[in-house]
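# Reading the structure
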Amino acid sequence: IKDATQRRDEANKQIQESKADRRAGEKDRKLGEAVDAMKRHFPGVHGRISDLCQPRQSKYKLAVTVAMGRHMDAVVVATEQVAMDCVKYLKQQRLAPATFIPLDTIQVTPVTDEHRRLPNNCKLVLDVINYEAELEKAMVYAVGTAVVMESLDDARKYAYGRPREERRKTVTTDGTMI
């Protein structure tokens, strides 16, 4: 009876995970369709951040996803007016809301050479992704001065070995964030 209960619980867990994956995939598909429609209707819609940048090496893919966090699905637009028009469009079409990053008004702290002075085993997330130069402000907004490291031990030493005001978001290549 104990084995049967365990197998049943395992099967239920797999079913729940499958349903969650399907819902996430459906949500992602709908957002992709909405962004494509907005690109057709409004000049100045560039697309989702996740579609506008690519990691330079596949080993950084998970780290970039974790570092971007909630900004992964944000839509980059040229101006604040385009963003307002897109919000209106989403409401009229009764689609899910989206986050917009207008390139003309977004405020970011520029990444300086000081931010790039890092140990050998450490890189800025911004430096491990490819993107178009015109989208730099959006990428800086999404990842900031987050760094990526190979191992969890190195990441911990880097993150906790600094004064609190100098700490940065630190991500390992396996997706662990500190």
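Chains are numbered independently. Their residues run from 1 in the order of the written sequence. Per-residue local features of the predicted model are confined to residues with pLDDT of at least 70, and side-chain atom pairs are confined, for both listing and counting, to 80 or more; whole-chain, interface and lining totals are unaffected and use all residues. Side-chain metrics in this entry use all non-hydrogen atoms of the structure; hydrogen atoms and water are not considered.

### With respect to the sheet that holds strand β3 (residues 75-77)
The mixed open sheet is built from three strands, whose spatial order is β1-β3-β4. Whereas interior strands pair on both sides, the edge strands pair on one side only; in this sheet they are β1 (45-48) and β4 (100-102). The mean angle between the axes of side-by-side strands here comes to 20 degrees, regardless of whether they run parallel or antiparallel. In this structure, β1 lies alongside β3, joined through three bridges in antiparallel fashion. Residue pairing across strands places R48 opposite V75, the latter belonging to β3. Sheet strands in contact with helix α4 (residues 80-92) are β1, β3 and β4, and its direction is about 160 degrees off that of β4. In this analysis, strands are considered paired if DSSP registers two or more bridges between them. Each helix is a run of DSSP H or I of at least 4 residues and each strand a run of E of at least 2, with the numbering of both proceeding from the N terminus. Here an axis means a line fitted to C-alpha atoms, over the contact stretch when the element is a helix, while the angle between two N-to-C directions is reported on a 0 to 180 degree scale. Any pair of residues with heavy atoms lying within 4.5 Å of one another is described as a contacting pair.

### Concerning the environment of G44
Note that G44 resides in the loop between α1 (2-41) and β1. Considered as a pair, G44 and A78 are 34 residues apart in the sequence and their alpha carbons are 4.8 Å apart. When residues no more than four places from it in sequence are discounted, the contact partners of G44 are V76, V77, A78 and V82.

### Focus: the packing of aromatic side chains
Here a pair means two rings of Phe, Tyr or Trp (six-membered ring of Trp) with centres within 6.5 Å. Their orientation is stacked below 30 degrees between planes, edge-to-face above 60, and tilted elsewhere. According to the stated counting rule, one finds one aromatic pair in the structure shown. Look at F42 and Y89: their rings are 5.9 Å apart centre to centre, the planes differ by 80 degrees, and that puts the pair in the edge-to-face class. A residue pair is termed long-range when its members are at least 10 positions apart, and F42 in the loop between α1 and β1 and Y89 in helix α4 qualify at 47 residues. Residue classification places F42 among the buried residues on the basis of a relative accessible area of 18%. Accessible area is worked out with a 1.4 Å probe on protein chains only. A residue is then buried under 20% of its type maximum, exposed over 50%, and partly exposed in between.

### As for the pattern of salt bridges
Basic side-chain nitrogens of Lys or Arg form a salt bridge, by our definition, when they fall within 4 Å of a carboxyl oxygen of Asp or Glu. Applying the stated criterion to the full structure yields seven salt bridges. For D9, the salt bridge identified is with R8, shortest N-O distance 3.2 Å. Of the residues examined, D9 reaches a relative accessible area of 41% and is grouped as partly exposed. Across the salt bridge formed by E150 and K59, the nearest N and O atoms sit 3.0 Å from each other. Linking E150 in the loop between β7 (147-149) and α7 (152-160) with K59 in the loop between β2 (54-55) and α3 (61-68), this pair joins segments that are 91 residues apart in sequence. When its relative accessible area of 38% is taken as the criterion, K59 is described as partly exposed.

### Some thoughts on the layout of surface pockets
Estimates place the volume of the largest pocket at around 250 Å³. Site definitions follow a grid-based scheme: protein atoms alone, a 1 Å grid, a 1.4 Å probe that fits but cannot get out for cavities, and for pockets an open set with protein on both sides within 12 Å along at least five of seven lines, plus lining residues having an atom within 4 Å of a point. Around the largest pocket, the lining comprises 13 residues; the ones closest to its centre are K27, L31, A96, P97 and A98. Ranked by the residues each element gives to the lining of the largest pocket, the list is headed by α1, at four residues. Three categories are distinguished: nonpolar for Ala, Val, Leu, Ile, Met, Phe, Trp, Tyr, Cys and Pro, charged for Asp, Glu, Lys and Arg, and polar for the others, with Gly belonging to the last. Considered class by class, the residues forming the lining of the largest pocket number eight nonpolar, one polar and four charged. Grid points are joined across faces, edges and corners, and a volume is the space filled by probe spheres set on the points.

### A few points about α3
Looking at α3, one finds that the buried residues are A63, V64, A67 and M68. Along the axis of α3, the buried residues cluster in a sector spanning 125 degrees; they form a single face. Where α3 is buried, its residues contact α2 (49-52), β2, β6 (129-130), α6 (136-143), β7 and β8 (170-172). Taken from the residues just after α3, G69 is the one with a positive phi, measuring 55 degrees. It is the directions from the helix axis to the C-beta atoms that the arc portrays.

### Here's the deal with the side chain of R48
Mapped onto the elements, R48 comes out in strand β1. Within polar-contact distance, the side chain of R48 engages the side chain of D28 at 2.7 Å. Among all residues touching R48, those that are not within four sequence positions of it are D28, L31, G32, V35, M72, D73, A74 and V75. Under this definition, polar contacts are N or O atom pairs within 3.5 Å; protein pairs additionally need one hydrogen-donor-capable and one acceptor-capable atom, and for neighbouring residues in sequence, both atoms have to be side-chain atoms.

In short, the description is geometric, and any link to function would need to be established separately.
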